[in-house]
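Structural overview for review
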Amino acid sequence: MTGPLRVWSLPWFFLYLRHEVLALPGRAIALLFLLFLLLFPLFSQDPYHLRVLTLSALFAIYAASWDLLSGYTGQVSLGHAFFFGLSGYASAILGRELGLPPGLTIPLGALLATVAGVLVGLPSLRVKGPYLSLVTLAFPIIALGFIFLFPGFTGGELGLSGLARLGGSRLQEYYLVVGVMLAALYLMWRLTASRVGLFFHAIREDEAAVRMVGVNTVAYKLLAFGASAFFAGLAGGLYAHYLRVAGPDSLSLFTSIQPVIWTVFGGIATLYGPVAGTFLLVPLLEALRVAEEWRMVAFALLILLVMRFLPQGVVRGVLDRLEEECPRCKARNAFTRRRCRVCGVTLRVKEVRA
Amino acid sequence: MKGKFFGFALAFLLGGLAHGQTLRIGVVGPMAFVQGEHTWYGATLASEELNQAGGIQVGDRRYRVELVRVDTNEITSVTDATTAVERAITAQRVDFLIGGFRSEAILAMSEVAADYKKVFIITGAALDGILAGRVDRNYERFKYLFRVSPNKSSDLARTSLLLLGEVVQAVRQLGVQRPRVAILAERAAWADPLVETASRLITTPPPQGYGAEVAGVWRPSATATDVTPELNAIRQAQAQVIYTILSGPVGVPFGRDWGRLKIPAAPVGINVEAQQETWLQATDGLGAYVATLNTLAPGVAITPKTIPFISKFQARFKRFPIYTASGAYAALHILAEALNRAGTLEADAVVKALEATNYVGPSGRIVFDKVHDVTWGPGYTTGLGVQWVGGRMQAFWPRDWRVGNQVVRYAGVRPYELPPWVVEAWRR
Amino acid sequence: MLAAVLVNGLVLSGIYGMLALGFALTYGVARILNLAHTAFYMAAAYALFFFLGKMGFLPAALLAALLVLLLAFLAYHLFLEPLREHEATVLIVTIALALLLQEVLLLLFGGHFRSVPALLPGFTEIWGVRVANQALLALGFAALVLLLTWAFLKGTRVGLAVRAAAQDMEAAELVGVSLSRAGYWAVGLGALLAALAGLAVTPMATLEPHMWTPPLLVVLAAVVLGGLGSLPGALLGALILAFAEVAVVNLVPGGAFLRTAVALAVLVLVLVFRPEGLFGTGFAEER
């Protein structure tokens with residue numbers, strides 16, 4: 001935004017839209033995506049399509065939560081399923097033992113995940129880099145061990161089934177999950193765009209330097225763990241109630257690896273990255289059902305090829321072709337422009353004919 | 001002109017009646033694995049039989065059967081399975097569902113089926129709780145679920161314990177007064193009640209129990225690749241019999257390591273891997289003499305339909321059918337009969353008709369109980385006890401099984417054989 | 001009881017040791033956390049199974065090892081080397097590679113278990129414990145391989161370069177070690193070790209397309225336990241974890257399924273007291 005918001009008015013809104021949002025292909029696409037999500041049911045209410053989009057939305061929350069911790073703060077977590085699955089189980093058990101509705105058990109589960117997040121973050125104070133990643137990897141596996149030790153309480157390898165629904169119909173569930181996703185993304189955006197977010201970036205780049213300046217990196221790292229775990233737990237609770245089952249699948253290595261794949265595919269250390277990654281890969285994997293037994297082979301090959309040629313993620317790769325940075329004022333411009341929209345400098349030097 | 005028009009219309013109508021409509025049946029399962037594959041094969045065989053006979057008669061219409069292959073990938077991902085089922089119901093518009101394999105996935109898939117009130121006939125998973133506790137407590141929601149195979153876990157337990165009895169008896173005949181039985185059960189919820197039941201039965205004196213001893217209980221992971229520690233411990237505990245409760249991949253390393261180390265204890269019980277015809281190849285030939293319960297065995301006619309089914313299956317698909325194949329085959333025929341009785345495709349009526357099922361299939365007589373599960377017992381479906389002898393799978397039970405005043409026996413069943421090194425080690 | 005733990009522990013350490021050393025080499029020198037390492041191990045096992053149907057053991061084993069080596073070089077050259085600066089991307093690429101191998105093998109060989117006949121059938125009794133002869137052969141083979149690798153790393157110039165790069169990349173470059181060449185050697189050696197582990201294990205194990213996941217966890221844990229960048233550390237880590245696993249299975253018969261959880265718990269505990277692993281070199285920030 002250029003300048004503080006003084007008066008809210010419709011003409012101002014349209015000006016903003018035209019000059020700030022639609023001027024850039026990236027932001028225009030984001031707006032279109034938002035509209036698509038909100039208006040999709042007008043085009044199709046096929047429960048299957050709604051299901052795919054709902055799952056994509058809640059996985060987007062999960063992926064974004066991972067990115068918050070691993071992308072922004074650089075504490076690469078390979079065991080994020082711990083928060084995802086723990087929250088699902090907590091919500092299921094609370095619902096079963098105390099009879100509370102999902103509206104209460106899901107946030108409670110997320111809060112429990114937050115506590116777990118801080119606990120997992122504690123070893124990180126001593127352990128760094130790949131060592132930390134391994135420690136995070138251990139947590140969901142140890143949790144699985146506990147689950148199998150007390151099958152009466154946790155349902156063992158079958159999990160807890162018959163969980164309450166999120167809404168009365170697939171359409172209701174869709175809007176609920178999409179709404180929660182937008183709210184979660186907004187919160188994460190506020191967090192990463194604030195001073196706290198700045199410190200996250202800094203800690204990732206050079207933690208020693210940040211500590212030298214007198215910043216309490218311990219507090220910020222624990223905050224990152226807690227916040228990340230909260231959102232992962234939120235996604236986990238929604239997932240359990242959407243599938244109506246909280247099972248050991250939600251704590252598996254595969255579940256830990258998925259947000260990593262989605263986020264890196266879309267673009268790490270950004271918010272659009274995990275969202276783009278999930279909304280591209282989850283429906284793609286569904287669509288690949290037509291390939292039958294070649295489905296996973298095609299999927300893996302696709303990831304390999306895209307990562308090889310767009311190592312910074314799909315969004316960055318695409319935006320770099322659609323947008324250009326002004327050499328003087330660093331503002332981004334659409335690639336079709338010849339002069340920068342902010343400072344007027346020529347973006348492309350015209351060829352001099354000899 | 002008018003005459004031509006009427007003639008044309010009449011021909012069209014008659015043609016329409018003759019061609020009839022199609023009934024889309026979703027065959028659900030992990031198609032990359034043998035269990036899903038056989039579900040598809042069994043269903044294919046049944047659908048071809050039905051279509052050759054002119055289709056299924058429902059009311060005054062004949063329906064052709066069309067199978068829709070639904071690969072659930074349930075072994076890897078429960079989410080995938082539920083999405084596949086939802087897609088089958090909404091996008092692929094199946095009318096009925098049969099199949100399923102992994103219990104955890106079926107629990108979730110059946111929720112989706114119940115949401116859409118689609119009849120779902122299960123052919124692959126034994127967990128009691130898929131039906132018990134759901135169909136009885138919430139009949140209106142879960143009445144669309146039925147199970148055709150395998151028998152539920154608690155019934156599998158009863159059969160496998162009868163098999164155990166045979167082997168304990170064989171050991172007794174060597175001169176051992178109180179045989180020692182080691183229990184080797186994979187770490188899984190379905191195995192827990194079996195461990196308890198078995199322990200009690202083994203130690204109870206006859207005639208209710210076997211009057212034997214429990215040498216110990218070992219619980220490897222269902223996906224363990226090495227059970228030599230357990231086997232060594234079983235040997236040190238001086239057990240003569242190993243009661244196996246294994247359904248996961250661990251069955252193969254068990255057979256291989258047991259044979260390689262020549263552990264002097266005879267294995268019997270549930271070992272799903274040993275039901276596969278690739279067993280000897282997978283265990284490197286060392287899995288001989290392993291005994292397990294199974295649904296079908298070569299050359300054993302449980303019902304008049306058994307041998308024809310096996311022959312047809314082998315001729316068509318070049319392999320021996322496993323329980324999901326006979327289950328899917330039976331499921332489709334049962335559905336056809338129920339639709340006949342109901343006279344309509346309307347789900348609630350079909351459910352009522354299914355409840356009245358009394359079908360004789362390749363694996364036995366299928367009659368549903370109060371929770372839509374297969375009834376167990378002589379004259380119904382109990383399964384067989386098989387053993388790998390002479391390079392082949394051979395049935396050893398039931399061979400003069402006395403229940404009340406009934407005696408159950410089938411042609412082609414031979415006596416159980418103890419592994420030679422067990423005889424050598426324990427003969428008195 | 002103790003005898004069983006000792007014997008089985010040693011055998012398992014041999015296999016894990018080969019895998020861990022290979023993994024440590026790839027990470028230490030090429031800085032690639034190669035999550036497809038155990039997938040190469042699986043590929044070698046399946047390749048051996050395939051070739052054994054057509055020829056004797058030795059030529060089949062050689063062909064299998066060569067095939068995996070080729071695969072590793074191709075993967076490194078085409079996908080991993082060009083992406084070296086993007087650590088997170090490299091991680092995903094190795095995961096995708098492992099997944100690709102798994103699915104291709106599933107397509108080619110199906111989900112059934114396959115087995116390969118043992119080279120040395122039968123068993124031996126040691127201190128009252130029955131051990132498969134093939135397991136003893138595998139242990140001997142592992143010991144030989146590790147010894148040869150050690151000789152190579154200590155006795156040759158290339159080995160010296162590789163060890164130097166593993167300890168401190170910048171310093172090694174300063175004294176004239178070609179990092180790129182060292183990288184290729186490390187990747188090759190790592191893949192070879194994984195392949196050899198696969199060959200050693202195949203006649204005793206059952207092959208199935210998911211067999212790469214459990215050893216991956218143990219290998220990751222072993223390398224971190226021993227300290228990243230330390231090759232002897234990786235071996236020690238493998239030893240400790242192998243024994244931890246075997247101890248759990250033998251001493252807690254009802255708790256055999258907990259063995260991975262226990263191994264990882266051991267890891268977490270060690271890291272709390274020694275955050276850089278047992279012999280870990282503390283990394284200065286590398287740019």
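Computed from a prediction, not measured in an experiment: that's the story for all the values here.

Note: predicted coordinates in regions of low pLDDT should not be interpreted at a detailed level. Averaged over all residues, the pLDDT of chain C is 85; the fraction at 70 or higher stands at 95%. Quick note on the complex model: pTM equals 0.84, ipTM equals 0.83.

Attention now moves to the sheet that holds strand E8 (residues 213–218) of chain B. Residues and elements named next belong to chain B. Pairing within the open sheet is parallel, and its 4 strands lie in the order E8-E7-E9-E10. The sheet is open, and its two edges are formed by E8 and strand E10 (266–271), each paired on a single side. Each strand of the sheet is rotated relative to its neighbour by a mean of 20°, with strand direction disregarded. When strand E9 (residues 241–246) meets E10, the two strands line up parallel, connected through 6 bridges. Looking across to E10, one finds that Ile-245 is bridged to Ile-270.

Turning our attention to the sheet that holds strand E4 (residues 96–99) of chain B. All names here are of chain B. One open sheet accounts for 6 strands, arranged E2-E3-E1-E4-E5-E6; its pairing is mixed. The sheet is open, and its two borders are formed by strand E2 (56–58) and strand E6 (145–147), each paired with just one other strand. Between one strand and the next, the sheet's axes are offset by a mean angle of 30°, whatever the strand orientation. Relative to E6, strand E5 (residues 120–122) runs parallel, the two sharing 3 bridges.

With that settled, the discussion passes to the pairing of strand E3 (residues 61–71) of chain B. All names here are of chain B. Across 9 bridges, the pairing between strand E1 (residues 21–29) and E3 is parallel. Bridging from a neighbouring strand, Val-28 pairs with Val-70 of E3. Relative to E3, E2 runs antiparallel, the two being bridged by 3 bridges. Bridging across to E3, Val-58 finds its partner in Arg-61. Between E2 and E3, which pair antiparallel in sequence order, lie 2 residues; one of them, Gly-59, sits at a positive phi of approximately 65°.

Turning our attention to helix H5 (residues 102–121) of chain A. All names here are of chain A. For H5, spanning 20 residues, the distance from its first C-alpha to its last is 27 Å, which sits close to the expected 28 Å at 1.5 Å a residue. Burial in H5 covers these residues: Pro-102, Thr-105, Ile-106, Gly-109, Ala-110, Leu-112, Ala-113, Thr-114, Ala-116, Gly-117, Val-120 and Gly-121. Looking at the packing, one finds that the buried side of H5 touches helix H4 (81–98), helix H6 (129–149) and helix H11 (217–243).

Facing the 34 residues of chain A at the interface are 38 residues of chain C. Listed by contribution, the elements that provide at least two residues to the side of chain A that touches chain C are H6, helix H12 (253–266) and helix H14 (295–309) of chain A. No other element matches the 12 residues that H6 of chain A contributes to the side of chain A that touches chain C.

What follows is about the interface of chain A and chain B. Across the boundary between the two partners, chain A contributes 21 residues, which contact 21 residues of chain B. Broken down by element, the residue count for the side of chain A that touches chain B peaks at 5 residues, all from helix H3 (residues 47–72) of chain A. In the side of chain A that touches chain B, the residues fall into 9 nonpolar, 4 polar and 8 charged.

Residues Leu-58 of chain A together with Ala-20, Phe-40, Ala-44, Ile-92, Ala-221 and Leu-241 of chain C are the most contacted members of the largest nonpolar core, which totals 365 residues. Sorting elements by how many residues they give to this core places H3 of chain A first, with 17 residues. Apart from the residues lying within four places of it in its own chain, the contact partners of Ala-44 of chain C are Ala-64, Ala-65, Val-68, Ala-194, Ala-195, Gly-198 and Leu-199 of chain C.

What follows covers unusual backbone geometry. Omega for the bond connecting Ser-149 of chain B with Pro-150 of chain B falls within 30 degrees of zero, at -10°, which places this linkage in the cis form. Mapped onto the elements of the fold, Pro-150 of chain B is located in the loop between E6 and helix H6 (153–172). One non-glycine residue with positive phi stands out, namely Ala-269 of chain A, at about 60°. With respect to the helices and strands, Ala-269 of chain A occurs in the loop between H12 and helix H13 (272–287). You will see that Asp-400 of chain B, though not glycine, has its phi angle at about 75°, which is positive. By the secondary structure assignment, Asp-400 of chain B is in strand E16 (residues 399–403).

The domain architecture assigned to chain A consists of domain 1 (44–260) and domain 2 (324–354). A C-alpha centroid distance of 43 Å is found between domain 1 of chain A and domain 2 of chain A.

Here the focus is the packing of helix H1 (residues 2–30) of chain C against helix H5 (residues 133–155) of chain C. Residue and element names in this part refer to chain C. Where H1 meets H5, the closest approach of the two axes is 8 Å, and the angle between their N-to-C directions is 35°. Here H1 and H5 pass one another in a crossing that is left-handed. Residue-level inspection shows Leu-10, Val-11, Gly-14, Ile-15, Gly-17, Met-18 and Leu-21 of H1 in contact with H5, the latter providing Ala-135, Ala-138, Leu-139, Ala-142, Ala-143, Val-145, Leu-146 and Thr-149. The class makeup of the residues in the contact of H1 with H5 is 12 nonpolar, 3 polar and no charged.

All right, on to helix H2 (residues 37–52) of chain C then. For H2 of chain C, with 16 residues, the first-to-last C-alpha span of 23 Å sits near the 22 Å given by 1.5 Å per residue. For H2 of chain C, the elements touching its buried residues are H1, helix H3 (57–80), helix H4 (87–109), helix H8 (179–201) and helix H9 (213–226) of chain C.

Quick look at the packing of H1 of chain C against H9 of chain C now. Residue and element names in this part refer to chain C. Where H1 contacts H9, the axes come no closer than 9 Å and their chain directions differ by 65°. Judged by the sense of rotation from one axis to the other, the crossing of H1 with H9 is right-handed. Of the residues in H9, those in contact with Tyr-16, Leu-19, Ala-20, Phe-23, Ala-24 and Tyr-27 of H1 are Pro-215, Val-218, Val-219, Ala-222 and Val-223. Tallied by class, the residues present in the contact of H1 with H9 amount to 11 nonpolar, no polar and no charged.

Rules used throughout
- Residues numbered from 1 in each chain as written.
- Chains lettered and ligands numbered in written order.
- Predicted model: local features only at pLDDT ≥ 70, side-chain atom pairs only at ≥ 80, totals over all residues.
- pLDDT = per-residue confidence, 0-100.
- Pairing = 2+ DSSP bridges.
- Helix = DSSP H or I, 4+ residues; strand = E, 2+ residues; numbered from the N terminus.
- Axes fitted to C-alpha atoms, helices over the stretch in contact; angles between N-to-C directions.
- Expected span 1.5 Å × (residues − 1).
- Buried ≥ 20, exposed ≤ 12 C-beta atoms within 10 Å, placed from the backbone.
- Contact = placed C-beta atoms within 7 Å.
- Nonpolar A, V, L, I, M, F, W, Y, C, P; charged D, E, K, R; others polar.
- Core = buried A, V, L, I, M, F, W, Y, C linked by C-beta atoms within 7 Å.
- Domains from an automatic or database assignment.
- Left-handed = near helix turned anticlockwise from the far one by under 90°.

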